[in-house]
Amino acid sequence: MSYLDHIRACNNADLSRFVPFLIDGQQVGWLRPEFVSKLSNWPEIFDVAGDVVSIMPALDAFESRSSALERPLRALATIGLIDGWRDEPYPVMPEWGDAPLLQIERAAVPHFGIRAWGVHMNGYVRREDGLHMWIATRARDKPTYPGMLDNTVAGGQPIGITPRDNLIKECGEEAGIPESLAAQAKPVGVISYCHETLDGAKPDQMFCYDLEMPADFTPVNTDGEIDEFELWPIDRVAARVRDSFDFKFNCNLAIIDFLIRHGYLTPENEPDYVDIVLGLRRPD
């Protein structure tokens, strides 16, 4: 295995097999053909004619679109096509910073191939023997990626909250990190990829943060989503990422980015350095 294997795994989507999804003439997602056939049951909402799928023009505002979409989504969830309903609305917009065209239940996002955003934070500690990183193990009963290794703190980006405020919220919920400490997290960039899962396409972007944590602080989960935290030497973290798929797929990218920025992966010690660096930020 290699670090580059994680770049490739996170960018495994073949969008040539998907149908573009448009709102008000703007592409916001990608649909599997078999999912398109399900949407044809609601012709008053979806225009499925031709080689694209669009929200009907009569639904011409954020509120009307969001309200109209709720009914088919609930129906598809009832028959098990959309699972893991969370009552967590996500914004639908072509690019970050655009005005949302509608909001959609988080569980439905990959089925529509809509870009989702999230926050990922690597919490680390400086010790005499070098850097150490806090590694989380996801709860074994978590509906997505149970029992896998994770970044110190990570979470999806819902509508109506800034990434920094979302990170501070997630720090408190997932790791018991007080707001005064979480607010010291430094934004260090954005990672992008296009991943295909059983549910659909994920052309996602991650807001990444670093937080240097006190040596005497231990994260403690408060929302039941993490089973445990362990403080690992950075060499152990790097080796586990390089040699396994034990981390949730996109968490590998956040750690690889950390290793590059902190000088652990260099052009001298990593033959795939250029492909890795460029691969962390997939162009649209």
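Just above, that's the structure.
None of the values given here were measured: they were computed from a predicted structure.

We now examine the pairing of strand S8 (residues 130–138). Remark: a regular strand shows side chains that alternate across the two faces of the sheet. Burial runs high along S8: 8 of the 9 residues are buried. Here 4 bridges tie strand S7 (residues 117–127) to S8, and the two strands are oriented antiparallel to one another. Across the sheet, Arg127 pairs through a bridge with Gly130, a residue of S8. Connecting S7 to the antiparallel partner S8 that follows it, the hairpin turn spans 2 residues. Judged from the 7 bridges that link them, S8 and strand S15 (residues 226–233) form a sheet pairing that is antiparallel. Residue pairing in the sheet places Ile135 in a bridge with Glu230 of S15. As judged from the 2 bridges shared by S8 and strand S9 (residues 149–150), these two strands associate in the antiparallel manner. Note that in S9 the partner of Ala136 across the bridge is Asp150.

Okay, the packing of aromatic side chains next. Scanning all chains against the criterion turns up 9 aromatic pairs. In textbook terms, an aromatic cluster arises when at least three aromatic residues are bridged by ring pairs, as seen for Phe21, Phe35, Phe46 and Phe112. Just above the ring of Trp232 sits the side chain of Arg236; from NZ or CZ to the centre is 3.8 Å.

It is at 10 Å that the axes of helix H1 (residues 3–10) and helix H7 (residues 251–261) come closest, and there the two elements cross at 140°. The pairing of H1 with H7 is recorded here as oblique in orientation. The element H1 and its partner H7 pack so that their crossing is left-handed. Between H1, through Tyr3, His6, Ile7 and Cys10, and H7, the contact on the second element is made entirely by Asn252, Leu253, Ile256 and Leu259. For the contact of H1 with H7, the residue count by class is 6 nonpolar, 2 polar and no charged.

The next subject is the side chain of His6. Locating His6 in the fold gives a position in helix H1. Take His6: its relative accessible area is 1%, and that puts it in the buried class. A distance of 3.1 Å separates the side chain of His6 from the backbone oxygen of Ser244, its partner in a polar contact.

This part is about the sheet that holds strand S3 (residues 46–47). The strand order across the open sheet built from 4 strands is S2-S1-S4-S3, with neighbouring strands paired in mixed fashion. Whereas interior strands pair on both sides, the edge strands pair on one side only; in this sheet they are strand S2 (26–31) and S3. In the sheet, strand S1 (residues 19–23) pairs with strand S4 (residues 53–55) via 2 bridges, with the strands oriented parallel. Its bridge partner lying in S4, Leu22 is registered against Ser54.

Inspection of the secondary structure puts Thr152 in the loop between S9 and strand S10 (153–156). The buried category is assigned to Thr152, whose relative accessible area is 0%. Engagement of the side chain of Thr152 in a polar contact is seen with the backbone oxygen of Trp134, the distance being 2.7 Å. Each residue touching Thr152, except ones within four places of it in the same chain, is listed here: Met121, Asn122, Gly123, Trp134, Ala136, Glu174, Ala175, Met213 and Phe229.

Below, the discussion takes up unusual backbone geometry. Of note in the backbone geometry, Asp87 takes a positive phi value of approximately 55° without being a glycine. Locating Asp87 in the fold gives a position in the loop between helix H3 (62–78) and strand S5 (89–92). The exposure class of Asp87 is exposed, given its relative accessible area of 56%. Despite not being glycine, Tyr145 shows a phi value in the positive range, around 50°. Here Tyr145 lies in the loop between S8 and S9. Classification of Tyr145 by relative accessible area gives partly exposed; the value is 29%.

Cut-off values and rules
- Residues numbered from 1 in each chain as written.
- Predicted model: local features only at pLDDT ≥ 70, side-chain atom pairs only at ≥ 80, totals over all residues.
- Heavy atoms only, no water.
- Buried < 20%, exposed > 50% of the residue type's maximum accessible area, 1.4 Å probe, protein only.
- Helix = DSSP H or I, 4+ residues; strand = E, 2+ residues; numbered from the N terminus.
- Pairing = 2+ DSSP bridges.
- Phe/Tyr/Trp six-rings, centres within 6.5 Å; stacked < 30°, edge-to-face > 60°.
- Lys NZ or Arg CZ within 6 Å of the ring centre and 35° of its normal.
- Axes fitted to C-alpha atoms, helices over the stretch in contact; angles between N-to-C directions.
- Parallel < 35°, antiparallel > 145°, perpendicular 65-115°, else oblique.
- Left-handed = near helix turned anticlockwise from the far one by under 90°.
- Contact = heavy atoms within 4.5 Å.
- Nonpolar A, V, L, I, M, F, W, Y, C, P; charged D, E, K, R; others polar.
- Polar contact = N/O pair within 3.5 Å; in protein donor to acceptor, adjacent residues only side chain to side chain.

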